[in-house]
Structures are given as C-alpha cells and as structure tokens.
Amino acid sequence: MYIGIDLGGTNIAAGVVDEKGNILATDSTPTEKERDFTEIVADMAEIAKKVTRKAGLATADIKGVGIGCPGTVDNKNGMVVYANNLKMEHSPVAAEFKKHWDIPVSLINDADAAAFGEFKMTAPDADSFVFMTLGTGVGGGVVIDGKLMRGCNGAGGELGHFCIEVDGKPCTCGARGCLESYASVTALIEQTKEKMAACPDSNMHDWVKKKGKISGRTAFECAKQGDAAAIEVRDRYIHYVAVGVNSLINIFQPKIFAIGGGISREGDTLLDPIKAFVKKNNYNKYMNETELRIATLFNDAGIIGAAFAAMTKQ
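Numbers given for residues are sequential positions, taken from 1 along each chain in its written order. Residue-level local features of this predicted model are given only where pLDDT is at least 70; pairs of side-chain atoms are given and counted only at 80 or more, and the full residue set underlies all totals for whole chains, interfaces and linings. To obtain the side-chain values, all non-hydrogen atoms of the structure were included, while hydrogens and water were left out.

Asker: Got a minute to help me understand the side chain of Glu180 in this structure?
Answerer: Tracing the chain through its elements places Glu180 in helix H4 (residues 180-183). Relative accessibility under 20% of the residue-type maximum defines a buried residue, over 50% an exposed one, and the middle range a partly exposed one, all with a 1.4 Å probe and only protein chains included. A residue counts as positive if it is Lys or Arg and as negative if it is Asp or Glu; His and the chain ends are not included. A pairing counts as a salt bridge when a side-chain nitrogen of Lys or Arg comes within 4 Å of a carboxyl oxygen of Asp or Glu. Of the side chains bearing the opposite charge, Lys33 lies closest to the buried Glu180, which forms no salt bridge; the N-O distance is 13 Å. Residue contacts follow a heavy-atom distance rule, with two residues in contact if any of their heavy atoms lie within 4.5 Å. Beyond its immediate stretch of four places on either side in the chain, Glu180 contacts Gly137, Val138, Gly160, His161, Cys171, Thr172 and Ala187. Secondary structure is summarised from DSSP: a helix means a run of H or I of at least four residues, a strand means a run of E of at least two, and numbering begins at the N terminus for each.

Asker: Honestly, the layout of surface pockets in this entry has me stumped. Any pointers?
Answerer: The gaps of empty space that remain are located by a probe, the size of a water molecule, rolled over the atoms. Within this scheme a cavity is a closed region of a 1 Å grid, computed over the protein atoms alone, that accommodates a 1.4 Å probe without allowing it to escape, whereas a pocket is open but has protein on both sides within 12 Å along at least five of seven lines; lining residues each have an atom within 4 Å of a point. Grid points are joined across faces, edges and corners, and a volume is the space filled by probe spheres set on the points. Considering only enclosed or pocket space, the second largest pocket measures out at about 220 Å³ in volume. What lines the second largest pocket is Ile249, Gln253, Lys275, Val278, Lys279, Asn282, Asn284, Lys285, Glu289, Thr290 and Leu292. A per-element tally of the lining of the second largest pocket places helix H9 (residues 268-281) first, with three residues. Charged residues are taken to be Asp, Glu, Lys and Arg, nonpolar residues to be Ala, Val, Leu, Ile, Met, Phe, Trp, Tyr, Cys and Pro, and polar residues to be all remaining types, Gly included. When grouped by side-chain class, the residues that make up the lining of the second largest pocket number three nonpolar, four polar and four charged.

Asker: What exactly am I supposed to notice about the packing of helix H1 (residues 37-54) against helix H2 (residues 93-100) here?
Answerer: Helix-helix packing is described using two parameters, namely the angle between the two axes and the distance between the axes. As a rule, the C-alpha atoms of each element are fitted with a line to give its axis, helices using only the stretch in contact, and angles between N-to-C directions run from 0 to 180 degrees. At a minimum axis separation of 9 Å, H1 and H2 run at an interaxial angle of 55°. Considered as vectors, H1 and H2 are oriented oblique to each other. In this structure, H1 crosses over H2, and the sense of that crossing is right-handed. Residues Phe37, Thr38, Val41, Ala42, Met44, Ala45, Ala48 and Lys49 of H1 touch H2, and the partners they reach there are Val93, Glu96, Phe97 and His100. For the contact of H1 with H2, the class distribution of residues is eight nonpolar, two polar and two charged. Comment on the angle field: the value is read as roughly parallel under 35 degrees, roughly antiparallel over 145, roughly perpendicular from 65 to 115, and oblique elsewhere. Crossings are classed by handedness, with left-handed meaning an anticlockwise turn of the near helix from the far one by less than a right angle and right-handed meaning a clockwise turn.

Asker: Quick question: what am I supposed to make of the sheet that holds strand E2 (residues 11-17) here?
Answerer: What links the strands of a sheet is backbone hydrogen bonding, and the strands pair in either a parallel or an antiparallel sense. Pairing between strands is defined by DSSP: at least two bridges between the two strands are required. The five strands are arranged E3-E2-E1-E4-E8 in an open sheet whose pairing can be described as mixed. Two strands bound the open sheet, and with one partner strand each, they are strand E3 (23-30) and strand E8 (105-109). Recorded for the sheet is a direction-independent mean angle of 15° between the axes of neighbouring strands. With respect to the sheet, H1 is in contact with strand E1 (2-7), E2, E3 and strand E4 (64-69), its orientation differing from that of E3 by roughly 145°.

Pasting the structure below:
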C-alpha cells in the first residue's frame, strides 16, 4: 500500500492506493496557501496518517508516500525549487515530511503526477504517452518507455510554455505567446469576457446572471443553445488547443495523447475538432497515427500518479 498526495493551491487531497491503482480511502483538507511550507507539510503528513486509518491500515502497512506538488520540483533531492502559488522556494518538502513520518517519500510535479497516473491506469503498455491538462494553466507530462521525461534538470514536460504566437499575450511565466495564455481555462474565461463586452445581446449574459459568474463552461453551454457569440468563443478556443496539441504530436509522435482538466468533460465537442485539425495539419501523414483521447481519471489522477511515483521510485 502507498499514499498519494495531491497538493493544490486550494486543497490537499490524499489517498491510500494499492499496487493495482485502486484507491482504498481518501480525504482532503484546505491548503491555506499563505502559510509557511512547514505548516503545509505537517498537514500533509497528518492527512496521510488519517487516510491510512480510514483504510483500516497501520502506518507499517504503507511502503511509501508520493507527493504531487505545483511548481518546479527537484525530485532527486526532494525539494520544491519554486512554486509561485505557494510560499515555497528551495523548500525541502521530502525531508520536512520525514520529520512527521519516517517513510520513503517521492516528490513529483503535480502535472507529472496526473500524467503518470493516467498512463499507469489507462495506457500502461504504450511506449510513449503525452498527457495535457487544461485548467487554471496548461500542464501535463510525457512518459517514454514507462518513465517520466524530466529533462536534464527535472523541469521537462512543461507543455503550456512553448510559443504559439510570436510576441503574443503575456504569460505568467514571463514570456509572451505561450500556449497557456490561449488554451488554459483562465484564458478561455478572458476570451469569454471580451466577447460578452462586444456582444451585449449574447445569451451568455443571461447564463452568467443565472450562474453568478463567468466560467469555462459559459461559452460551451451557450454555444449548445446556438448563441453565435458563444460559438465563436468556443471554436476559437478549441482552435488554440488544437494548435498546441498538433505541435506536441509533431514533436513526440506519441502512441497516445490524452487531454484532461475540467474542460475535457466537454468530451467529443472538444475532441472531434481537435482530431480534425490534427488529421489535416500533422507532419506525419504516412505512418501510424497518434490516438487522441479524453482522460478518464479526472481528480483521482494526481493521487494515483503520486502513489505510483512512490511505487516505481520515479
């Protein structure tokens, strides 16, 4: 049995996971991200022990703990080098965790954890696998021959930070024109706001009044009702995602490319136009094609992937 911990800006989620990837017990607690990292780590250790008890196990039954954490992670030294949404800079998370529970700890980037979980549970035999998640940002991970691709410094697989528009929109990373600035749900919300401001008669205004706020669902839901402005926002957003997906497929030519994150729940509405774009524009038109699919684990991916990282010592 292993523990997988998914550290987010809002919540810390943890679960007990067996060697087949089954989650036996879960729980969560608020992150309260303004606190010092030592306090957050103390809560991670406590919730890890809590889910162990919920699963009817003793701490001796747990063979390792995997922690998926936002930001740049030095997994070899168990350190978060920098996480801009948390007060973590050169923070020795693994060593701090061991002060509360002396157990092997594997620290991994949270997007890598989600990618590894999706890979292990849905495509374990694929020799190459790319996972992209569309959320507050654009994240993901690359798995080659069963191993996460981390590059020379552990920071590889940052799928949201290659340029799709020269001198384009500013990105939170400091560059301009990154995929994240166009294909994240944050970007989608901004695109929706801009279109609503230009189209006061759009049904999106009524939808927002009913729901209370603009979200990533606004344009997609109103597009289903035939609203022209919403259709324009949805289709333009999907085009940005498709450009990114196509470029990544050109680079890696993976066996499987999976798309996750909350917006992936739109299913074929999102996936079908991406498939069509890739079919038309991908460099490889002569050999086996990448299988494009919607990810299936959703919120469980990070917990399962972090646990598998501990199992396989990623």
